[in-house]
Amino acid sequence: MLSYLHAFHAGNFADVQKHAALVLAMAMMQAKKTPIACFDTHAGSALYDLTGERARKTAEADAGIHRLWDFKDSLKSPDWQPMLETLSYLNKTGQALTSYPGSPAWFAQFGRAGDSITAFELHPAEGQHLDTWAKTAGIRVLHEDGLKGLLQNLPPHQPRLLTLIDPSYEVKSEYEAVAKTLTRAWKKCRHGVYLVWYPILTSGLQQQLLAALENGDVRKILRSEVMLEHPPERGMVGSGVLVVNPPWGFGERFSAMMEELQGDDRLALSSTVTWLIPE
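Residues numbered from 1 in each chain as written. Predicted model: local features only at pLDDT ≥ 70, side-chain atom pairs only at ≥ 80, totals over all residues. Heavy atoms only, no water.

J.: Any chance you could explain helix α9 (residues 207-214) here in plain terms?
T.: Since the α-helix turns once every 3.6 residues, residues separated by three or four places project in the same direction. Buried within α9 are the following residues: L209, L210 and L213. Down the axis, α9 shows its buried residues gathered within 95° of arc, on one side only. Buried positions along α9 lie against α8 (174-188), β7 (193-201), β8 (221-228), β9 (236-244) and β10 (269-277). (Buried < 20%, exposed > 50% of the residue type's maximum accessible area, 1.4 Å probe, protein only. Helix = DSSP H or I, 4+ residues; strand = E, 2+ residues; numbered from the N terminus. Arc of directions from axis to C-beta. Contact = heavy atoms within 4.5 Å.)

J.: Looking at this structure, I do not really get helix α6 (residues 124-134). What am I missing?
T.: When α6 is considered as a whole, its buried residues turn out to be E126, G127, L130, W133 and A134. Considered in projection along α6, the buried side chains sweep an arc of 125° and stay on one side of the axis. Of the residues in α6, the exposed ones pointing more than 90 degrees away from the buried face are P124, Q128 and T132. Where the residues of α6 are buried, they touch β2 (47-49), α5 (103-110), β4 (116-120) and β5 (140-142).

J.: How should I be thinking about the sheet that holds β7 in this particular structure?
T.: Two strands in a sheet stick together by hydrogen bonds in their backbones, pointing the same way (parallel) or opposite ways (antiparallel). Here eight strands make up an open sheet; going across it, the order is β5-β4-β1-β6-β7-β9-β8-β10 and the pairing mixed. Of all the strands in the sheet, just β5 and β10 have a single pairing partner and so form its edges. Neighbouring strand axes in the sheet, compared pairwise and without regard to direction, differ in orientation by 15° on average. Relative to β9, β8 runs antiparallel, the two sharing seven bridges. Within β9, the residue paired with I221 across the bridge is V244. Of the strands in this sheet, β1 (36-40), β6 (160-165), β7, β8, β9 and β10 are in contact with helix α1 (residues 13-29), which crosses β9 at around 15°. Here helix α10 (residues 250-259) sits on the sheet and contacts β8, β9 and β10; the angle it forms with β8, its principal contact strand, is near 5°. (Pairing = 2+ DSSP bridges. Axes fitted to C-alpha atoms, helices over the stretch in contact; angles between N-to-C directions.)

J.: Looking at this structure, how should I read the layout of surface pockets?
T.: Space left empty within the atom packing is revealed by a probe, the size of a water molecule, rolled over the atoms. Estimates place the volume of the second largest pocket at around 200 Å³. Around the second largest pocket, the lining comprises 13 residues; the ones closest to its centre are A7, S45, L47, Y48 and D49. Broken down by secondary-structure element, the contributors of at least two residues to the lining of the second largest pocket are β2, α2 (53-58) and α6. For the lining of the second largest pocket, the leading source of residues is α6, giving four residues. For the lining of the second largest pocket, the class distribution of residues is five nonpolar, four polar and four charged. (1 Å grid on protein atoms, 1.4 Å probe; cavity = no way out; pocket = protein on both sides within 12 Å on 5 of 7 lines; lining within 4 Å. Points joined across faces, edges and corners; volume = space filled by probe spheres on them. Nonpolar A, V, L, I, M, F, W, Y, C, P; charged D, E, K, R; others polar.)

Remember, this is a structural readout, not a statement about activity or role.
Written as structure tokens, this is what we have:
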């Protein structure tokens, strides 16, 4: 199914969690000089106009990145700074945020010489936007299934691996497909760091993914979940990120970041960081 467009959801609370995890993982991995192969299985358009018709139709960014921006000066964790500095750089014309980077843009922003970035995107319109942006971003774009493409590119040439897996899950079978892909990828490259995003739904469909991994072979899976304090009656009530092989100390640092989103004067979230599967 190719109907999903992330422009309707860019900068929402789930993006804040997911991209904060991605930026922190990259920063911690880059404490070592050895190159990293980066893969983004569902890249999207790379950059999103928060003032555009699609973004304003849902206004999800208002309760996400816009609200975070309002209290950015009171954030205590220094791990927010790379993300905030990137947003400042992309929104030079004024105080309000008008542009928000998708995951390939976050990868590109922090990629170093020697690191490689591969972005997969199947949607024709999204892929066209991604191609245009990528011409100056120095990343490789592949218009193919990201789950299959990831497996075909593992193990990478670089000594280390960072992968983001974040489908829309509009197709229910994607929960099982992600679990199977992650397991196969882990067996090909057991030292890699894998980030897997999933929605937390009133239907509980995300349990298919979690149960498959709990009963599978992959070890050392950290789970971060944020739940809306005022959830809708239907649909997405929270957001989860799994981190396989998190860098040492990642859990404590990321937990501190997510705790700063709690409370009605912040993003009105509750946050937990626990081990789904220990080492």
